[in-house]
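In case you want the letters, here they are:
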Amino acid sequence: MKRLLAPLTSLRLTVTLLALGIAVVFFGTLAQTEDGLYVAQSRYFRSWFSTWSPHDPSLKWIIVPLPGGYLLGTSLLVNLIAAHLVRFKFAWKKTGIILSHLGIIVLLVGQLATDMFAHESRISFAEGEWRNYSEDFQETELVFLSDLPDPAMNSVVAIPDSLLKIGEEIRTEPLPFTIRVKEWMPNSDPTFQPPMMQRTNTPQTSLGIGRSFTFRSVKETRKMDDKNIPSALLELVATNGTSLGTWAISEWAGESDLQRTARRFWVRAFSGAGTDEQLQDALPEYYPMTARIYQQLIVPQSVTVGGRSYSFTLRPRRYYQPFSIKLLQTKHETYAGTSTAADPEGIPKHFQSRVLVDHPRDGKREADIYMNNPLRYAGLTFFQYQMGQDEAAANRGTSTLQVVKNPSWLTPYLGCVLVALGLLVQFGIHLNGFLRKPRA
Amino acid sequence: MKRYLPLLIPALFAAWFLSDLVPPTDREFAYTRFGNLPILFKGRHQPIDSFARNSLVQIFERYSFYDRTEKRSLSATEWLAEVMFRPDAARERSVFRIDHPDLISLLRLPLKDATKGEDGQHYSFTQILAGTNVSILQEQSRLAGAKADAQRDAFDQGILRLGNALMLYNALLNTARPSGVSQLAAELVAFQQAIPRGTNALEAARARSSAENADLQNDPLVRSTARFLYQRGDRADKLPLILPPEGGADWARFPERLLELTGGSPLPVAALSWAKMGDAFEARDAGAFNAALTEYERFCIATVPADMTKTGRETFFNRMAPFYHALVIYIAAFLCAIAFWFTFSEPLRLTSSWLMMLALIIHMEGLVFRMWLEGRPPVTNLYSSAIFIGWGAVILGLVLERLWRNAIGLAVGSLLGFVTLIIAHNLALEGDTMEMLRAVLDTNFWLATHVVIVTLGYASTYVAGFLAIVYVLRGFFTSSLDPATARSLARMVYGIVCFATLFSFVGTVLGGIWADQSWGRFWGWDPKENGALIIVLWNALILHARWGGWVKERGLVNLAIAGNIVTSWSWFGVNMLGIGLHSYGFMNGAFQVLAAFVVSQLALIVIGCLPAARWRSFQGKSSTPTLPIGRKPGAATA
C-alpha cells in the first residue's frame, strides 16, 4: 500500500503542482484582457484541461497546454492527504506543518464546495417596491402567462434559454401550441423602424414588436460590467400544424433596467452623437421621442388559442424566494464638490439601502445594507451592488442587490486561521532553534 | 574619539533634515501663510500649498519651479499665486515639461539653445499655444484619446499628458479671478450694486432688438456677468472650491458663488478677500497683499477653524518632505555598506547602520504623520504601498544586520528603501497622494489588516530576492563570498522566505474574506488577487523544493531572485492589464521600467545557474579566510 502511494506523496510532485498552478493562474490572468473574467474563469480555473494562445493573430501558432483548475486542485488535495497518511508520525515539532496543511485542505475543499453549490443572482428595485424573487444576470427565460381565472403559479410556463438556444421545436404541456425557434441571438441590438419605413421594408416578423423593430445579432460581450441582451425570432404553431404567426422576443423588452440603456442607444443613433459629452447634450432633446419608442418596445405580446389568451416575454431568469423584500430608502453620498458634468456621480463615498424583509414564518424586520456590511438572511447574503435613480421619477432611488447563496462561506475563515496558526508555530520553532545556534 | 566617528555623518544628515523643518521667512509676500489657507479639492480639505504642489508636479514634475531666466527658484505656492493673480506674467514662464521630440517639432517649439535661454524641454503656456497649435493639439488629443490604453505609444501619451497639463493650468488661471481684470474688489462691489437695476434692464432687453442691445455690452452688470460666466466655462468642475462656507451656503467655487449673487444673496466676505489679495498681488503691493491675507486668515479661523488646524499640519508635513530626506539618507547608507565590503572597516559599517536608523526614523515618522493626517491605515493606494514596502524592507534589513553584522542586511535594506521611495516619487507625479477613498475601500479595518499584511508579504519577498542578488553578485564576480558568508546568506534568504509565505498567505486570504464581506465572493480570480496568489504559490514552491532537497544553496538563491519578478508582476504588472476590480492604479510609462527589471532579474538567474567552477568565490578553494572584495588571499594584512 505504502509503495503504491509513494509517487503520490512525493514533495517533487508538490513542487511540480505548485509550478503548474503558477502557470495556470498567470495565463488565466493574461487571458482576461481579451476573453473577459467570466470566460477566462470557466476556461482556465473551472476546468480539467485548457490551452492558452496569444491573441495576436501572427502568434496564434503558440499553444501552451495547461492543466485546469479542477485537475490541479484535486491533485494537490490527493498529494497532501496521501503524504500525511503515509508519512504521518505525530511529533510536536510538526504540529505547525500539520495545522497549516489541514487549513489548506479546508480551503481547497471549501472552494470546491463553493464552486458546486454557490449561486449568485440579483434583485433590482425602486424605493417602495416589493420583490419575492431574484434574477439571474446571465440566463434568461421565455415566460407564458395565461389568462386563467386562477392566478396560481401553474398558469405560468417558464422555458429556460438553454432550451431556446438549441433551436428545436418546444412543446410544453399546458401550452396548446408548439414553439419553433427560428433564430436565437445571444446578444442583440434593436433598431426602430419608423411607420413610413415599415411599409417599404418587410418587417422581421408577422406580428408583435418585430413589426416596428428589427433585431440584429451583435458580437457577444465579454466585459465584466457589460451584459449580453439576447433576442429571438419565434413561430408559434397550433397543434393541427397551422402557423399562428411569427414574433420577436427580446430581453430589451422584458428587462426594465434596460430602458435607460435602450434610450441612450437610440439617442446616439438619431443624433449622431459620438462622444459621451455630445450624447449628454442630445439627451433632453430626444427624450420624449425615445420614451415613446420605448413604450412601443414593451407593449405586451400575446397569442390567442382556443379562446384563451397567452401573453409572453423574454426576461431574466427568476428565482422565487419564500420571503419578500422591500426597498424602503436609498442613500447615495459622494464627496463634496466632486461631481462633474462628465461624471455626475462624483467620487462615491457611501451607498446604503434600507430594506424590509417579510417572511411568512419569521415575520418582518428592517435592515441596512451597505458596502462591506451585507445582510445575511434565510441562508442568503445580500450585498449592495449598484445604485441609481428611477428614470420615470427623478427623486426615487433604485438599488441593485447581489444575492449570494453559499453554504460553505465560512470555510475560508477557518482555513485562514488554521494555516496562519500553523505557519506561526512552525516558523516560531525554526526561529527559536536558529537563535540558539551560533552564527558565522 | 574613534567611538563617536560613526556618528559624525549621520549627525550631519540629521542636522540637514532638522534645518528643513524651519519655516522659510517671507521677505515680501507672505507666501507661507498664503499656502496655509484652506480649500476643498476633489472632496479633500487641504491647504493651498498641497494643491499648488500637486498641480505643479503634474505640469513641471518637480515640487518647486526653477526659472532659468531669472535664475531663481519659486515655491509651488509662489508659482500658483502668480498663475492665479498675475496670469500675464505666469503665461511666459517655461513651466510645461515636454519630453517627446516629435511633440516639440509638431508644435514648432524651439530646440535647445543656451543663447536664447531655451533648454529644449520646458516651454511656456504662450509658446505652446502659439499660432495654430490649439487646433493641432485638439486634433492630436482626439486621435490619441480614441485609442485603447494598450495601443498608445510614447507620443500619444505625451500628447494626452500635455493636454491634461494645459487643462489643469487653464483651471488654475480661472480659480480665483476672471482673466483681464485689475480691480476685481471694486468690480465686485459695483456688480453687487448693479444687480437690481441690471436685472430689470436685462428683462427689458429681452423685448428689444439686438441692435439696441449693443449698448448693454458696456453695462457693468452685463460685462461682469459675461466675465464670470466665461470663467465658469464648461470646465468649471476642474476648479477647486476656494470659498469656505458662509451665510448658510457650503464650500463653493469662486465663479459659482458670484453668479449666485444675481439671485440676491449678499456679497461673500471670502470672495471680497480673495479679490483684494488678487488686486494687491497684481499691483505688486506686498503690504496690501499681506494685510488682505491677514484679514482673510482671521475670517477662516472664525468660520472653518478645523480646516485651519489641519492645513497647518499638512503644510508642515509638506515642508518636512520626510520621504525625500529618507531617500537621500538611504543612498548614503547604501554607499557606506558597499564601501564596507571593500575595506571591512568597522566604522563604515556602523556609519551605515546609524544612517539607516536615522532614515528609518524619518521614513516612519512620515508614515505615521500621513496616517494621522488622513485618519487611515498606512496603505490606501499604490503610492503609499511603495512607501510601506520600503519601510518593511528596511526593518527586515536592520534585523538581519543585528543578527549577522556583515553589512548585507544594511545594503539590501537601504537599497530597497531607496528604490521604493523612488517608485513612490514617480507615482506621486500623477497628483494628490492623499485622495479620498471610494466607497468600497472605505473601511479602516480591512485596509489595516489585509492591505498592510499583504504589503508586508511583498516587502519580505523583495528582501529575500535582493539578498539572493547579493549572493550571486558577490559569489560570481568577486572572491569575497566565502563558504560561511554564503551559508549565512542562504539562511537569511530561507528565513525571509518563511516570513514572506506567512504574510503573503494571510494577507491574500484576508483579501478574499474582505471580498466575501463586500460582494459575496471569496475568490473572484481578479488579476490583483491572482497576482497575490502567485506570490503565495511561489513562496510555497521555494519552501517545498528546499524541504524536498530538490534545491540547495544556489537553487534557493535563484528561486528567490525569480520571486522579485513574481512580486513586481503582482504589484505593478497586473495594474497594467487595466482590467478587474482592483486596477485602481493604471500607469502607462512604467511598463518599460518593469520590463527592464524583469530582464535584469532573468540575467542574474542565468548567471546564478552557471557552473560553480566559473564563480570566482568558488574557484578551487574551500577554506580561505573572509577577505574584503578585491584583496587577494595572502596579501591580507590586519
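**Q** Looking at this model, I keep getting lost on the overall build of chain A. Mind explaining?
**A** If you tally the helices and strands in chain A, you get 10 helices and 18 strands. The C-alpha radius of gyration computed for chain A amounts to 28 Å, which surpasses the reference 22 Å derived for 440 residues by more than 25%, pointing to a less compact arrangement than a globule. By its C-alpha atoms, chain A is 95 × 60 × 60 Å across when sized along the principal axes. Taking all contacts inside chain A whose residues are at least 6 apart in sequence as the whole, residues at least 24 apart take part in 61%.

**Q** Even after reading the chapter, I still don't get the domain arrangement of chain B, so can you show me in this structure?
**A** All names here are of chain B. Split into domains, chain B comes out as domain 1 (27-173), domain 2 (184-312), domain 3 (321-430) and domain 4 (441-583 + 600-618). Using only C-alpha atoms to locate each centre, domain 3 and domain 4 end up separated by 19 Å. With 21 residues of domain 3 in contact, the opposing surface of domain 4 contributes 21 residues. If you list the elements that add at least two residues to the side of domain 3 that touches domain 4, you get helix 19 (382-404) and helix 20 (408-427).

**Q** Please clarify how the sheet that holds strand 10 (residues 231-238) of chain A should be interpreted in this entry.
**A** Strands pair in a sheet through their backbones, by hydrogen bonds, and they do so in one of two ways: parallel or antiparallel. Residues and elements named next belong to chain A. Ordered in space as 6-7-10-11, the 4 strands form an open sheet in which the pairing is antiparallel. Across the chains shown, the open sheet's two edge strands, defined by having one partner strand only, are strand 6 (169-171) and strand 11 (243-250). Within this sheet the neighbouring strands show an average axis-to-axis angle of 25°, counted without direction.

**Q** I tried to follow the packing of helix 3 (residues 69-87) of chain A against helix 4 (residues 95-117) of chain A on my own but got confused; where do I start?
**A** Residue and element names in this part refer to chain A. Interhelical geometry of helix 3 versus helix 4 gives an angle of 150° and a closest axis separation of 10 Å. Both helix 3 and helix 4 take part in a crossing whose hand is left-handed. Contacts from Gly73, Leu76, Leu77, Leu80, Ile81 and His84 of helix 3 reach helix 4 at His101, Ile104, Ile105, Leu108 and Leu112. Residue composition of the contact of helix 3 with helix 4, grouped by class: 8 nonpolar, 3 polar and no charged.

**Q** Would you mind going over the pairing of strand 2 (residues 44-47) of chain B with me for this structure?
**A** Look at any regular strand and the pattern is simple: side chains alternate between the two faces of the sheet. Across 4 bridges, the pairing between strand 1 (residues 38-41) of chain B and strand 2 of chain B is antiparallel. Along strand 2 of chain B, the bridge assignment pairs Phe41 of chain B with Arg44 of chain B.

**Q** Would you mind showing me how to read the pairing of strand 10 of chain A here?
**A** Residues and elements named next belong to chain A. Pairing between strand 7 (residues 177-185) and strand 10: 8 bridges, direction antiparallel. Residue pairing in the sheet places Glu183 in a bridge with Leu233 of strand 10. Inspection of the sheet shows strand 10 paired to strand 11 by 7 bridges, in the antiparallel sense. Among the inter-strand pairings, Val237 is bridged to a residue of strand 11, identified as Ser243. In this antiparallel pair of consecutive strands, strand 10 and strand 11, the connection spans 4 residues, and Gly241 shows a positive phi of 95°.

**Q** It is not clear to me how the interface of chain A and chain B should be interpreted in this structure. Could you clarify?
**A** Frequently, the measure chosen for interface size is the accessible area removed from exposure when the parts meet. With 51 residues of chain A at the interface, the matching set in chain B holds 52 residues. Listed by contribution, the elements that provide at least two residues to the side of chain A that touches chain B are helix 2 (11-45), helix 4, strand 14 (348-359), strand 17 (380-389), strand 18 (397-405) and helix 10 (411-436) of chain A. Among the elements that make up the side of chain A that touches chain B, the one with the highest residue count is helix 2 of chain A (17 residues). Tallied by class, the residues present in the side of chain A that touches chain B amount to 30 nonpolar, 17 polar and 4 charged.

**Q** Just to check I follow, could you spell out the packing of helix 21 (residues 444-477) of chain B against helix 22 (residues 483-519) of chain B for this structure?
**A** Each packed pair of helices is defined by two parameters, the angle between the axes and the distance between the axes. All names here are of chain B. For the pair helix 21 and helix 22, interaxial distance at closest approach is 7 Å and the crossing angle is 155°. Taken together, the axes of helix 21 and helix 22 lie roughly antiparallel to each other. For the crossing formed where helix 21 meets helix 22, the hand is left-handed. In the contact of helix 21 with helix 22, the residues fall into 22 nonpolar, 10 polar and no charged.

Procedures and definitions
- Residue numbers run consecutively from 1 along every chain, following the written order of its sequence.
- Labels are handed out in written order, letters beginning with A for the chains and numbers beginning with 1 for the ligands.
- Reporting in this predicted model follows two pLDDT cut-offs: at least 70 for local features of residues, and 80 or more for side-chain atom pairs to be given and counted; totals over whole chains, interfaces and linings ignore these cut-offs and use all residues.
- Counting from the N terminus, the helices are DSSP H or I runs at least four residues long and the strands are E runs at least two residues long.
- We compute the radius of gyration from the C-alpha atoms alone; for a globule the expected value is 2.2 Å times N to the 0.38, where N is the number of residues.
- A pair of residues counts as a contact when their C-beta atoms, built from backbone coordinates, are within 7 Å of each other.
- What marks off one domain from the next here is an automatic or database domain assignment.
- Here, a strand pair is defined by DSSP locating no fewer than two bridges between the strands.
- Angles run from 0 to 180 degrees between N-to-C directions of axes, and those axes are lines fitted to C-alpha atoms, restricted for helices to the stretch in contact.
- Crossing chirality is assigned from the near helix's rotation relative to the far helix, an anticlockwise turn below a right angle marking it left-handed and a clockwise turn marking it right-handed.
- Three residue categories are used. Nonpolar comprises Ala, Val, Leu, Ile, Met, Phe, Trp, Tyr, Cys and Pro, charged comprises Asp, Glu, Lys and Arg, and polar comprises the others, including Gly.
- Each angle is binned into one of four classes, with values under 35 degrees roughly parallel, values over 145 roughly antiparallel, values of 65 to 115 roughly perpendicular, and all other values oblique.

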